[in-house]
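Structural features, examined
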Amino acid sequence: MKIESVRAFILKKPLDKPLATSKAELRERGTAIVQIKTEDGIEGLGEGVGVPNVIKEIVERNFTPMLIGEDPFNIERLWRKMFQRLYWEPKGAWVCAISAVEMALWDIVGKALDVPVYKLIGGLYRDRLEAYASDIFWDDVEEMAKRAASFVNQGFRYVKCHIGKGFGHDEVRVRAMRKAIGNDAELMVDINCGYDRPTAIKFAEVFEENEVFWYEEPLPPFDLEGYKLLKDYTDLPIAAGENEFTKYGFRDMFVKGAVDYAMPDLARVGGILEGKKVSALAESFNVVCSPHVFSTGILLAATLHLMASTPGTELFELDTTGTGVIDELLAEPLEVRDGYVYVPKGPGLGVQLGERVKRYLV
Ligand SMILES: [Mg+2]
């Protein structure tokens, strides 16, 4: 089997109301989608999360000539071919672009063999995953509390919120959300790298009082020493990883003892198999792997296949904002019941680029 064509698209969906975090506002849902076709007509889809136009350019200009004529089954070989450079780009858009291609290759292999991808990467360990509702974006205190309660009422035992604007803002929101969900549900806080070291340390006490389940990305991704200081200071589990790349980046994080939860994003870390390798590394350091998933149905499906086949992973991040392009890309509607997400059973990733998606493609 040979690869015949590689194409990349930008998927863009404008939002009526921006999704706000500590330092940024998401005004549209955007990503880069890669479509690879084989000579015998099999089509695979993948996605790269980051700067969509840069990822598209890297895939089309740099990777396409490396991939045409190659056997899509040789995933490790093709990964190396894309990763090894004269001037290395071991983090950032380059690796996001590799992730998109790698994901599409798995989709092709699954479709060619008529099996779901989880069967190719370890087999079924479980057919459903407990999910957390992601996310309660930054808003008024009352609005955030109301949304937290509504997710718990829908059956989720875990809800995550975006705060990180500091004193006078964050403590009142966390207290209101904790009150709104009661003591039987768990609350995660995501700072999106919005604190400095002293603020992160001071807020640890507020979060401890409110029994926060995990404390996500309090500091910038390059301050592993800061993460370690914070982890030594508080009993709160620390989570990070959506801004880390490849097994090499996570190795440094684990050796430093920086986190309790590792959050590789399969559309950034280097793809599905790289996520699997990070999970194994995490397990060997007694770190729980809980992949980051906040994009389209392609990343969502890829992450379900990984987590279905990988025991060291826990807690599926389910986009409950209603703003993502998810069902439009899935071959079968996603099954969510009582806070659990069910693993798709169709061939490949279980994704398709149908008519319903076309209006979002640029
Ligand atoms: Mg996050």
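Residues numbered from 1 in each chain as written. Predicted model: local features only at pLDDT ≥ 70, side-chain atom pairs only at ≥ 80, totals over all residues. Heavy atoms only, no water.

1. Comments concerning the environment of Ala 93
By the element assignment, Ala 93 lies in helix α3 (residues 93-113). Through-space distance from the C-alpha of Ala 93 to that of Glu 57 is 10.0 Å; in sequence the pair is 36 residues apart. Excluding anything up to four places from it in sequence, Ala 93 contacts Val 54, Ile 55 and Ile 58. (Helix = DSSP H or I, 4+ residues; strand = E, 2+ residues; numbered from the N terminus. Contact = heavy atoms within 4.5 Å.)

2. Some details on the environment of Ala 176
With respect to the helices, strands and loops of the structure, Ala 176 is situated in helix α5 (residues 170-181). In the structure, Ala 176 is positioned 61 residues away from Val 115 in sequence and 46 Å away in space, judged by C-alpha atoms.

3. Here we look at the coordination of the magnesium ion
Under perfect tetrahedral coordination by four donors, a metal shows angles of 109.5 degrees; under perfect octahedral coordination by six donors, it shows angles of 90 or 180 degrees. Taken together, Asp 190 (OD), Glu 216 (OE) and Glu 242 (OE) make up the protein donors of the magnesium ion, found 2.0 to 2.2 Å from the metal. For the magnesium ion, the donor residues sit on a single chain with the sequence spacing D-x25-E-x25-E. Taken together, the residues span a long stretch of sequence, with Glu 216 in strand β7 (residues 212-216) and Glu 242 in the loop between β8 (238-240) and α8 (246-256) at a distance of 26 residues. (Donors = N, O, S within 2.8 Å, 3.2 Å for Na, K, Ca; no water.)

4. Details of helix α4 (residues 141-153)
Helix length check: α4 (13 residues) gives 19 Å between terminal C-alpha atoms against 18 Å at 1.5 Å per residue, within 8%. Along α4, the residues that are buried comprise Val 141, Met 144, Ala 145, Ala 148, Ala 149 and Phe 151. Seen end-on, α4 carries its buried residues on one side only, within an arc spanning 160 degrees. Facing away from the buried surface of α4 by more than 90 degrees, the exposed residues are Glu 142, Lys 146 and Asn 153. Looking at the buried side of α4, the elements it contacts are β4 (128-136), β5 (158-162) and α5. (Expected span 1.5 Å × (residues − 1). Buried < 20%, exposed > 50% of the residue type's maximum accessible area, 1.4 Å probe, protein only. Arc of directions from axis to C-beta.)

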